[in-house]
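# Residue-level structure breakdown
So the chains spell out like this:
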Amino acid sequence: MSEITAEQVAHLANLARIALTEEEIAHLTTELGQIMQAVEKVGEVATPDVPPTSHPIPMQNVFRDDVVGDDVLTAEQAVAGAPEADGSRFVVSAILGEEQ
């Protein structure tokens, strides 16, 4: 069984640049120890004939195909309701100090 020490938690917090109090270190030491015990239990039941998975059921793409429909806006129609437009383009305020 892996034992997580307060020194290891403090070291990891330091590497992650996270300031922890002694109380937080003690609390996280206990929690991380429990997590490690749970992971070890899973490791005990894992067998070579059971393939590793990230999800209990197969995942599939749920998005529809990107198909051009009959009700497509023209550029002029798209900018018609815009507060400000320049031909077929929207005019927006510059952000992050970028001027063009």
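Rules used throughout
- Throughout, a residue's number is its position along its own chain's written sequence, starting from 1.
- In keeping with the model being predicted, local features are shown solely for residues with a pLDDT of at least 70 and side-chain atom pairs are shown and tallied solely at 80 or more, while totals for entire chains, interfaces and linings include all residues.
- The side-chain figures draw on all heavy atoms in the structure; neither hydrogens nor water molecules are used.
- UniProt positions are given in the numbering used here, feature names are shortened, and annotations may be inferred rather than shown by experiment.
- Between Lys or Arg on one side and Asp or Glu on the other, a salt bridge is scored when a side-chain nitrogen of the former is within 4 Å of a carboxyl oxygen of the latter.
- Here the term buried applies to any residue with accessible area under 20% of the maximum for its type, exposed to any over 50%, and partly exposed to those in between, with areas from a 1.4 Å probe on protein chains only.
- Counting from the N terminus, the helices are the DSSP runs of H or I reaching at least four residues and the strands are the DSSP runs of E reaching at least two.
- Take the residue count of a helix, subtract one, and multiply by 1.5 Å to get its expected span.
- Here, two residues are considered to be in contact whenever any of their heavy atoms come within 4.5 Å of each other.
- Note on patches: the residues involved have over 30% relative accessible area and no salt bridge, like charges join within 9 Å, and the nonpolar side chains Val, Leu, Ile, Met, Phe, Trp and Tyr join within 5 Å.
- Note that accessible areas follow from Shrake-Rupley with a 1.4 Å probe, and for residues the cover is restricted to the protein chains shown.
- With axes taken as lines fitted to C-alpha atoms, and helix axes fitted only over the stretch in contact, angles between N-to-C directions fall between 0 and 180 degrees.
- Orientation is classified from the angle alone, with under 35 degrees giving roughly parallel, over 145 giving roughly antiparallel, 65 to 115 giving roughly perpendicular, and any other angle giving oblique.
- Residue polarity follows a fixed list, in which Ala, Val, Leu, Ile, Met, Phe, Trp, Tyr, Cys and Pro are nonpolar, Asp, Glu, Lys and Arg are charged, and the others, Gly among them, are polar.

The name that an unreviewed UniProt entry assigns to the protein chain is Aspartyl/glutamyl-tRNA(Asn/Gln) amidotransferase subunit C, with the source organism given as Agromyces salentinus. Here is the UniProt Subunit (unreviewed entry) comment for the protein chain, exactly as written: "Heterotrimer of A, B and C subunits." Under the heading Sequence similarities (unreviewed entry), UniProt records this for the protein chain: "Belongs to the GatC family."

Before going further, it helps to spend a moment on the pattern of salt bridges. Opposite charge on two side chains permits pairing when their charged atoms draw close. Evaluation of the coordinates by the stated rule reveals one salt bridge. As a salt-bridge pair, D86 and R89 come within 3.3 Å of each other at their nearest N and O atoms. Of the residues examined, R89 reaches a relative accessible area of 55% and is grouped as exposed.

A few words now on helix α2 (residues 22-45). An ideal rise of 1.5 Å per residue puts 34 Å on 24 residues; α2 measures up with 35 Å between its terminal C-alpha atoms. What α2 keeps buried is the set I25, T29 and G33. Its buried side turned inward, α2 meets α1 (6-15).

The next subject is a nonpolar patch on the surface. Taken together, the side chains of L32, I35 and V39 present a nonpolar region at the surface, about 240 Å² in accessible area. Its location among the elements puts L32 in helix α2. Taking the relative accessible area as the measure of exposure, L32 reaches 31% and is therefore partly exposed.

Another aspect to go through is the packing of α1 against α2. Where α1 contacts α2, the axes come no closer than 9 Å and their chain directions differ by 105 degrees. Here α2 runs roughly perpendicular to α1, going by the angle between their axes. From α1, A6, V9 and A10 reach across to α2, where they touch I25, L28, T29 and L32. Here the residues of the contact of α1 with α2 sort into six nonpolar, one polar and no charged.

In this fold, A10 is placed in helix α1. For A10 and I25, which are 15 residues apart along the polypeptide, the C-alpha to C-alpha distance reads 6.5 Å.

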